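Working through the structure, step by step
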Amino acid sequence: MRMKDAVLRLRRELTTASPAFRHALRAGLATSAAFIAARMLGLSHEMWVIVSVVVIMRPSLGGTLRFGRDRVLGTIAGALVAIAVVLLTKASGVWFVLLLVVSFFTTLFLHVVHYLGFVTFLSFTVVLGLGIVFPEGWKLGVERIWDTLLGGGIGLGAAFFIWPNRAAKGIDSRVASSLNDLGALFRILGKSYQAGEVRPEEIVAARRKTYDSLNGCREIFSEAAAEAGLSRAGRNDLSRLSAVLDKLYDLLMSMDTVVRRVSGEGPPESLGNDLHQLLETVDLEFAWMTDYARGRKEETTRPNGAAALAEMFDRIRIVRARGDLEGHSMEHRTNLSAFLYHVYAVVQELENGFELLKSYRAGRTEEDSSFQA
Amino acid sequence: MAAIMERFYTAIVHPVDPGFFISRHAGKAVLACLAALIVAWPFPREYTLWFVFSAFAVMMSRSGETFHRRKVTAVTVFTGAALLVPFSSVVGQSTFAAAIYLFFLVFAVFLAGVLGRHVAVGGVWLLFVNALTLCSPAPLSTGLARAGAVLVGGAVAYAVNFRLWPVRPGRILRDCGTVAVRDLAEYFAVVTGSFENPDSAAVDRVRDRARISVRRYRRTMEAMGLDPLAGMQTEDDRMSGFYLVLVRVFKGVVALSRNSRFAARSPLFRGIRKEFAGTVDEAGRTFTSLAGLLDSDGKVFDVAGLARAVEGLEQGLLNLGAYQRGEGVRQEFLEAWGAVYAMKNLVAELGRMQGYIGKERSCV
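The model shown is predicted, which means the values in this text are computed figures rather than measured ones. (Residues numbered from 1 in each chain as written. Chains lettered and ligands numbered in written order. Predicted model: local features only at pLDDT ≥ 70, side-chain atom pairs only at ≥ 80, totals over all residues. Heavy atoms only, no water.)

Let's talk about the overall build of chain B
So the rule is basically this: Only runs of H or I of at least four residues qualify as helices and only runs of E of at least two qualify as strands under DSSP, and these elements are numbered from the N terminus. Only protein chains enter the accessibility calculation, which uses a 1.4 Å probe. A residue is then buried if its area is under 20% of the maximum for its type, exposed if over 50%, and partly exposed in between. In this analysis, two residues are considered to be in contact whenever any of their non-hydrogen atoms come within 4.5 Å of each other. Residue-level accessible areas treat just the shown protein chains as cover; the underlying method is Shrake-Rupley with a 1.4 Å probe.
Tallying secondary structure elements over chain B gives 13 helices and 0 strands in all. When the 364 residues of chain B are sorted by exposure, 55% land in the buried category. Once local pairs closer than 6 in sequence are excluded, the contacts in chain B between residues at least 24 apart make up 74%. Approximately 15800 Å² of chain B is accessible, and the part contributed by carbon and sulfur atoms is 60%.

Right, here's the structure in full:
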């Protein structure tokens, strides 16, 4: 990204409507508060309080809760074990130094692999190191636990009270965005199939965007699950909805393998218009579902992909009976069947997704009204 | 002891870090901190922490898709931190001023995160170096000396990270490729094993593992400054071509898992299902053999024979004429068609994979 673009991007975010701006403001206030608290309490390691706040702050409340929990648990576990080791070994000897080096290595290894493990080993290593430097270094292990609890508490407090951003509130837009990206991928695949020409870069770009979008969706689901206020039924609906979105993605990946085998030939001419009609209907169904996920009411009729498929199959029967498909190679015909199978499976999953979204929305409305009552 | 170490390696290290990419970086980070500690030795003890912490920050801020971007991130972290450290030292003397300064610093770092992951990661480590300084207030002269320590510690870490112990892309990618093929083979085995007894949780678990393995191959390429999509058009590029085959094989298995339980209750399709199961067994053996080929202890498998078996299945399915027997049978036919087609794609990709592995072996 060029400097000019970066500045423009940052300027766009400088508004209270921007989630990034709110997150930065929340983190800034929490960290300053932690620093003041640490100084007023006369803590010898103010830095630990600050770091605890910075590392647990996440854009959503659920995310902060998850990282806060891991940070506190990991620190307590690592520091307690290290205190025991320091007291038992008197923090001396070659073996102790070796243990410190191995523990440091493990910390760095886990940094990329496992957050809770990383935090645990980090505290273990820090307390071992302090045990060597200071005669009563193990006491700093206890201090580290208290400092982390203080920092974690301040971070969580900020997440709860300063513009609390409940992950559950962002679910609608994330699901809508995932459905939109899935729809875009479906559209590209459909167009490629109809044109008999594949543009791999376009497909790969859409696939990556969809994959990232689904990851974001999964993340927000798990963050929402960490927050209080989501019923068990709501959690189940979200987990099943996540599975449906994954299945749609898998289906489109599988459809991609079919589309890539079109080898310069589009669908048989006698079926071109019908196939176009079918793909457009499914595309509209994706768009309708996207709007529905964003919160639109069921006032407009949902485009009926299943009915369009049934019409398509009727049309194929007529075309086949007329012998119009005879001139096409077996490979070409089997490819069409495989493509239609995938459209059929996509339509089925869209139906499942719709039922789950409906159930999730109904459950949420009930929760909201009982909360207001 | 050796047996325990081997088991530990096979079960824990190899699946996560087949090319020792993460381990190597962790080792380098330990070395960088030790080197910074040695460099700091002749200087007064009060600066040691800044030498070592700066080195640690540079090693931890490893982010960026390409080698060049990671170098830029590393340099930005230690030079940016060095520029701010004198100011942080002085400001730290007043609690009020320090709190306001910290607020703006944290705000800027968190907001800048929207520019990309490398900015977010680098920014946080730059922030930590300054927070450390802020918590140890000192006059400007000490702040300037600390800035020097940060610069030297960062430069030592930079040298260790980017100049020492260079990686060998071929070897690391081959290891990543072996793990990816093994994971894909296991995914395939679980998918086909769940034809009769569906276990969606197990399928999801191994699917995610296979996906991570394939992505790891890609990330490793990117980390070495190689373009994973270079072979997209021509597939001439050996490494990126192999990556694309891995992706397609993964998609092939996904397709198979979506379609595998076709026409489960239909007597009309019983014969086809039996033949399908036989072909799947054969494909499973091919997969295992391919993973072995990368380890140089497997034998070349007859993929062409497998392709012929799938064609036989395809013909058998067409001979049933199910498409014309009404809606119910047509639906079962479509399901069966999806499965056979998925198998056909998969076998074609296995053939390509064998070709790439052959090239890979001849190059090693």
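Having put the structure on the table, let's press on.
Description of the overall build of chain A
Convention followed: Here the globule rule reads 2.2 Å times residues to the power 0.38, and the radius of gyration is calculated from C-alpha atoms.
Looking only at helices and strands, one finds 13 helices and 0 strands in chain A. Starting at the N terminus, the α and β elements of chain A follow one another as α-α-α-α-α-α-α-α-α-α-α-α-α. By the compact-globule yardstick of 21 Å for 373 residues, chain A is too spread out, its C-alpha radius of gyration being 28 Å. Overall, chain A is about 95 × 55 × 45 Å in size when its C-alpha atoms are taken along their principal axes. Counting every position in chain A, which comprises 373 residues, the buried fraction comes to 51%.

Section: unusual backbone geometry
Residue and element names in this part refer to chain A. One non-glycine residue, Trp 163, adopts positive backbone phi at about 45°. When you line up the elements, Trp 163 lands in the loop between α7 (138-161) and α8 (167-195). Of the residues examined, Trp 163 reaches a relative accessible area of 31% and is grouped as partly exposed.

Details of the side chain of A:Ser52
Residue and element names in this part refer to chain A. Note on placement: Ser 52 falls in helix α3 (residues 46-56). On the basis of relative accessibility, which here comes to 1%, the residue Ser 52 falls in the buried class. Sequence-distant contacts of Ser 52, defined by excluding residues within four places in its chain, comprise Arg 71, Asp 147, Thr 148, Gly 151 and Gly 152.

Things to note about the environment of B:Ser141
All names here are of chain B. Tracing the backbone shows Ser 141 in helix α7 (residues 140-162). For Ser 141, a relative accessible area of 53% puts it in the exposed group. When the C-alpha atoms of Ser 141 and Val 90 are compared, they prove to be 9.4 Å apart, with 51 residues separating the residues in sequence.

Focus: the interface of chain B and chain A
Applicable threshold: Two parts placed together each lose some accessible area under a 1.4 Å probe, and the buried area is that loss summed for both. Here, a salt bridge means any Lys or Arg side-chain nitrogen found within 4 Å of an Asp or Glu carboxyl oxygen. When residues are sorted by character, Ala, Val, Leu, Ile, Met, Phe, Trp, Tyr, Cys and Pro go into the nonpolar class, Asp, Glu, Lys and Arg into the charged class, and all the rest, Gly among them, into the polar class.
In this complex, chain B contributes 65 residues to the contact, which on the side of chain A involves 70 residues. Taken as a group, B:Phe110, B:Lys251 and B:Arg258 account for 11% of the area that chain B buries against chain A, more than any other trio of residues on that side. Inspection of the chain B/chain A interface yields 3 salt bridges. Residues B:Arg207 and A:Asp246 are paired through a salt bridge, measuring 3.9 Å at the closest nitrogen-oxygen approach. The residue inventory of the side of chain B that touches chain A, partitioned by class, reads 40 nonpolar, 12 polar and 13 charged.

Looking at the environment of B:Glu335
Relative to the assigned elements, B:Glu335 resides in helix α13 (residues 327-363). In this structure the C-alpha to C-alpha distance between B:Glu335 and B:Trp50, which are 285 residues apart in sequence, comes to 65 Å.

Here's the deal with the pattern of salt bridges
Scanning the entire structure with this criterion turns up 17 salt bridges over all chains. Across the pair A:Arg69 and A:Asp70 runs a salt bridge, and its minimum N-O distance is 3.4 Å. On the basis of relative accessible area, A:Arg69 is assigned to the partly exposed category, the value being 47%. For A:Asp70, a relative accessible area of 17% gives the class buried. Three or more residues joined by partner-sharing salt bridges are found here, namely A:Arg218, A:Asp246, A:Asp250, B:Arg207, B:Asp208 and B:Arg211.

Here we look at the confidence of the model for chain B
Stated precisely, the cut-off is as follows: Values of pLDDT, which run from 0 to 100, indicate the predictor's confidence residue by residue.
Per-residue confidence for chain B gives a mean pLDDT of 79; residues scoring 70 or more make up 77%. A low-confidence stretch, residues 232-236 of chain B stays under pLDDT 50, and its non-local contacts, those more than four residues away or across chains, total 9 contacts.

Topic: helix α2 (residues 19-40) of chain A
Each α-helix turn comprises 3.6 residues. Residues three or four places apart therefore point the same way. Residues and elements named next belong to chain A. Operational definition: In this analysis, the expected span of each helix is defined as 1.5 Å times one less than the number of residues it contains. Any pair of N or O atoms that falls within 3.5 Å is considered a polar contact. Within protein, one atom must be able to donate a hydrogen and the other to accept it, and sequence-neighbouring residues count only if both atoms are side-chain atoms.
The first and last C-alpha atoms of α2 sit 31 Å apart over 22 residues, in line with the 32 Å expected at 1.5 Å per residue. In this structure Ser 18 caps α2, since a side-chain oxygen of it lies 3.2 Å from the backbone nitrogen of Ala 20. Phi for Gly 42, located one or two positions after α2, is positive at around 65°.

A look at the side chain of A:Thr210
Residue and element names in this part refer to chain A. Here Thr 210 shows up in helix α9 (residues 200-226). A distance of 2.6 Å separates the side chain of Thr 210 from the backbone oxygen of Ala 206, its partner in a polar contact. Not counting residues within four places of it along the chain, the set of residues in contact with Thr 210 comprises Asp 181, Leu 182, Leu 185 and Tyr 249.

As for helix α5 (residues 94-113) of chain A
Taking 1.5 Å of rise per residue, the 20 residues of α5(A) would be expected to cover 28 Å, and the 29 Å separating its terminal C-alpha atoms lies within 8% of that figure. Residues of α5(A) that are buried include every one of A:Phe96, A:Leu100, A:Ser103, A:Phe104, A:Thr106, A:Thr107, A:Leu108, A:Phe109 and A:Leu110, and no others.

A few points about the packing of aromatic side chains
Counted only if it meets this: Stacked, edge-to-face and tilted are the three classes for Phe, Tyr and Trp ring pairs, Trp counted by its six-membered ring, which pair at centre distances within 6.5 Å; planes under 30 degrees apart are stacked, over 60 edge-to-face, the rest tilted. Sitting over a ring, as applied to charges here, requires NZ of Lys or CZ of Arg to be within 6 Å of the ring centre and within 35 degrees of the ring normal.
Evaluation of the coordinates by the stated rule reveals 25 aromatic pairs over all chains. Note on B:Phe53 and B:Phe56: the rings are 6.3 Å apart at their centroids and 45° apart in plane angle, and the pair reads as tilted. Within this pair, B:Phe53 and its partner B:Phe56 are both found in helix α3 (residues 48-60), separated by 3 residues, close to a single helical turn. Judged by relative accessible area, which is 10%, B:Phe56 ranks as buried. Ring plane angle 75° and centroid distance 5.2 Å describe the contact between B:Phe103 and B:Phe104, whose orientation is recorded as edge-to-face. Residue B:Phe104 is classed as exposed on the basis of its relative accessible area of 52%. Aromatic rings pair up to connect A:Phe104, B:Phe53, B:Phe56, B:Trp125 and B:Phe128 into one cluster. Above the ring of A:Phe354, the side-chain terminus of A:Arg302 is found at 4.2 Å from the ring centroid. Here the guanidinium or amino end of A:Arg361 rests over the ring plane of A:Tyr292, the centre of that ring lying 4.2 Å away.

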